[in-house]
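Given next are the chains, with one letter for each unit.
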Amino acid sequence: FNDRFFLREQLISIANLRYLTKPEWQNSVAIKGKDNWLYSNKKDWIDNYQNKDLFNQKELQYLSDYFNSVNEYCRKNNKTFYLLIIPIKSRIYGEYMPEYLHKKYPDSQSRTYQVINYLTNRSDIKIVYPYDVLMQNKTKGLLYYKTDTHWNDLGASLIYDELINIMQKDGFKIQPFDYKNYTKYEKYNGDILKRLPKILRYNDDYNYINYDMDELYTEKVHGILLKTFNLNKKYHLYLYRDSFTDKLLPFLSNTFEK
C-alpha cells in the first residue's frame, strides 16, 4: 500500500515543489549547490568533504599493515605497486558546494592526507594522489560532470597522463596512447540527476570533452573480472578498482598488453 496508491507520483511532485523555489537544497539523494552542481548526499561523502570523520591510530595502523603487505607481495613477485587515491568531486569543486556545509578541519588534515603522511613515514609505497594535477588543470574545462559522481574523459585523461609519466620515470618503457586524435564533445546527464524525482531533473548543457577512442584491444568479462588484451603493447597491469576507473579503462587498455 505504501508503495502503490492513487496519486502517489503527483503527491511526490507536490512535496518536491518546495525545492524549486531554492537555488540550493539538500534531499535524501543529492545536494544541489551553486550553478546547478549536484553532489551525492551520502553521509560518509559529506563527512569526508567536511573533514569530520577522521581516522584514529588503530585504523591508520590497519591501513598501513594492509598496504604494506600488498607492497611486499608485489616486491617478492617482481611487481610494482602503485596506490592511486582518487579525490571526490567536492574536493576539486568545493567552490560550488553550499556555504552552510562548513569544514571542521582544513584539507591538509583530511583522511586522505592522514593516510598519505602515515604511509610515507612507514613505507616506500608509491602513492599517487592527483589533487594538484586536477586543480592545476581546471582552466582546461570541467574535469568532473556537474550532475554525476565521477570525473569525465578530460579528468580521466589527466590521471592517465600522470600515471604514465610516473611509470616512465620508474623505468617502464611505456608508449602513451595518443587519445587527443579522438576529441569530441558531449552533453551528459549524470547518475545523481537520474536518481532525482522527475520534477527536480534538468538538462546539463555543458559541452564536455569526450575522447571517442578506437578500441585497439579485445575485452572479456568474467563476472566482476574484466580482462582486456592488446598484443601490440607491453606490460601487464592488474587494477583493483571502483567505478571511477570506468573512464580510465579505454586509456589503459589501449596502452597495456593485458
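Worth saying up front: this structure is predicted, and the values here are computed from it rather than measured.

A.B. asks: Outline the packing of helix α3 (residues 57–76) against helix α5 (residues 111–120), supporting the account with residue identities and numerical values.
C.D. replies: Their axes nearest at 10 Å, the elements α3 and α5 cross at an angle of 60°. The angle between α3 and α5 places the two elements in the oblique class. Like other packed secondary-structure pairs, α3 and α5 cross with a definite hand, here right-handed. Counting all contacts with α3, which are made through Gln57, Leu60, Gln61, Leu63, Ser64 and Phe67, the residues of α5 involved are Gln114, Val115, Tyr118 and Leu119. Looking at the contact of α3 with α5 residue by residue, the classes come out as six nonpolar, four polar and no charged.

A.B. asks: An account of helix α2 (residues 43–50) is requested, with residue identities and associated values reported.
C.D. replies: Within α2, the full set of buried residues consists of Ile46, Asp47, Asn48, Tyr49 and Gln50. Buried residues in α2 make contact with β2 (30–32), β3 (38–40), α4 (89–92) and α5. Positioned one or two residues after α2, Asn51 has a phi angle of 55°, which is positive.

A.B. asks: Now, about the pairing of strand β7 (residues 208–211): what can you tell me, with residues and values included?
C.D. replies: Here β7 shows two buried faces, one formed by Tyr208 and Asn210 and the other by Ile209 and Tyr211. For strand β6 (residues 183–186) and β7, the ladder comprises four bridges, and the chain directions are antiparallel. Bridge pairing in β7 places Glu186 opposite Tyr208.

Rules behind the numbers
- Residues numbered from 1 in each chain as written.
- Predicted model: local features only at pLDDT ≥ 70, side-chain atom pairs only at ≥ 80, totals over all residues.
- Heavy atoms only, no water.
- Axes fitted to C-alpha atoms, helices over the stretch in contact; angles between N-to-C directions.
- Helix = DSSP H or I, 4+ residues; strand = E, 2+ residues; numbered from the N terminus.
- Parallel < 35°, antiparallel > 145°, perpendicular 65-115°, else oblique.
- Left-handed = near helix turned anticlockwise from the far one by under 90°.
- Contact = heavy atoms within 4.5 Å.
- Nonpolar A, V, L, I, M, F, W, Y, C, P; charged D, E, K, R; others polar.
- Buried < 20%, exposed > 50% of the residue type's maximum accessible area, 1.4 Å probe, protein only.
- Pairing = 2+ DSSP bridges.

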